[in-house]
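Take a look at the letters that make up each chain.
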Amino acid sequence: MRCTKCGFHYAVIEPSNEELAKYYGNYPMPEKLSPITAQRYDEWLRSFQPYRMNGRLLDMGCGAGMFLQRALAAGWESYGTEYPADVVDRCRSKGLKMHQGPVSTHPWPKEYFDVVVSIEVIEHVPFPLADLRVLVDLLRPGGVLYITTPNFNSISKWLLGKTWDVVCYPEHLSFFTPRTMHRTLTSLGMEKIQLRTTGISFHRINIAKGKPTQVNGVDSDEDMRRKIETKWYLKGAKAIINGLLNFSKRGDTIKVLYRKKG
């Protein structure tokens, strides 16, 4: 469904707790981090450094905690939320401070964190405004919120139409565009530092077209990333393409960094 007032797209059917528990019972949470992803994580952490005061960072829906491990190694006091008890226990064994359950039931005081991140998570929740309000409350004034989520106006959606697999109930329930993301965050008292859209997923396109998703045993997206990292001309082409995707706001992924006013 599409809200006629704000343009936000969402799943009109709310899944039951039982339905979600069944779906996410065996949800993959990889614990092997590619070197390229590790570099991207370190770049994010360097961009957060100017906003560091108390040194506390929260990752909502942190999975196996791979980003938080990079944050911990960089000197951040690293907190996360996740649902499965075994995943929470594994994260705790890595030195991460964890809360099991939805972020709305967290134990922390308001304005506790310098940085809050949500990496490919907000599209999974049925009421994103409520969760985003909690995340903003947890940020100190001047702290930053970093979010990545699929772009409902992406070029991949335009190319693939009904075969675009981001729309997949009950996994994905909330679908942002750059416009609706900006409107939501500013309504919560946040101000924009950066809003970008980047990337095209070859993996997703191959799935939709029934083509192999791996090259020599490697995911097609990861294979392309490796090639780009080793060839200067591909890096240049990537920068140009991402520039065009950002200008047109058609990149597959929305990436936002917003600061809490005050």
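Leu132, Leu145 and Leu185 are the most contacted members of the largest nonpolar core, which totals 29 residues. Of all the elements in the fold, those that place two or more residues in this core are strand S2 (56-60), strand S5 (113-119), helix H5 (128-138), strand S6 (139-150), helix H7 (178-187), strand S8 (190-198) and strand S11 (253-260). Here the element with the most residues in this core is H5; it accounts for 5 residues. Excluding its chain neighbours within four sequence positions, the residues that come into contact with leucine 145 are Val116, Leu132, Leu135, Leu139, Leu185, Met190, Val256, Leu257 and Tyr258. Core analysis: the second largest hydrophobic core is formed by 23 residues, Met66, Val88, Cys91 and Leu96 among them.

Right, let's get into unusual backbone geometry. Proline 170 follows tyrosine 169 through a cis peptide bond whose omega is 0°. Along the polypeptide, proline 170 turns up in the loop between helix H6 (155-160) and strand S7 (174-175). At glutamate 120, a position not held by glycine, the phi torsion is positive, near 55°. For glutamate 120, the location among the structural elements is in the loop between S5 and H5. With relative accessibility at 31%, the residue glutamate 120 sits in the partly exposed group. The phi angle at lysine 249 is positive, at roughly 60°, despite the residue not being glycine.

A few words on the packing of aromatic side chains. This model, assessed by the stated rule, comprises 18 aromatic pairs. Their ring planes at 85° and their centres at 5.7 Å tell us that tyrosine 79 and tryptophan 108 sit as a pair that is edge-to-face. Of this pair, tyrosine 79 sits in strand S3 (residues 77-82) while tryptophan 108 sits in the loop between strand S4 (97-100) and S5, and the two are 29 residues apart along the sequence. Each member of the pair, tyrosine 79 as well as tryptophan 108, carries the same accessibility label: buried. Among the aromatic residues, those joined into a cluster by ring pairs are Tyr41, Trp44, Phe48, Phe67 and Tyr146. Over the ring of tyrosine 112 we find arginine 56, and its NZ or CZ is 3.8 Å from the ring centre. The cationic tip of lysine 157 hangs over the ring face of phenylalanine 152; the distance from NZ or CZ to the ring centre is 4.4 Å.

The next point concerns the packing of helix H9 (residues 220-230) against helix H10 (residues 232-248). In a pair of packed helices, the angle between the axes and the distance between the axes together describe the arrangement. Direction vectors running N to C along H9 and H10 enclose 115°, while the axes themselves pass 5 Å from each other. Here H9 lies roughly perpendicular to H10, going by the angle between them. Together, Lys227, Ile228, Glu229 and Thr230 of H9 and Trp232, Leu234, Lys235 and Lys238 of H10 make up the contact between the two elements. A class-by-class count of the residues in the contact of H9 with H10 yields 3 nonpolar, 1 polar and 4 charged.

Definitions and limits used
- Residues numbered from 1 in each chain as written.
- Predicted model: local features only at pLDDT ≥ 70, side-chain atom pairs only at ≥ 80, totals over all residues.
- Heavy atoms only, no water.
- Core = buried A, V, L, I, M, F, W, Y, C linked by side-chain atoms within 4.5 Å.
- Buried < 20%, exposed > 50% of the residue type's maximum accessible area, 1.4 Å probe, protein only.
- Helix = DSSP H or I, 4+ residues; strand = E, 2+ residues; numbered from the N terminus.
- Contact = heavy atoms within 4.5 Å.
- Phe/Tyr/Trp six-rings, centres within 6.5 Å; stacked < 30°, edge-to-face > 60°.
- Lys NZ or Arg CZ within 6 Å of the ring centre and 35° of its normal.
- Axes fitted to C-alpha atoms, helices over the stretch in contact; angles between N-to-C directions.
- Parallel < 35°, antiparallel > 145°, perpendicular 65-115°, else oblique.
- Nonpolar A, V, L, I, M, F, W, Y, C, P; charged D, E, K, R; others polar.

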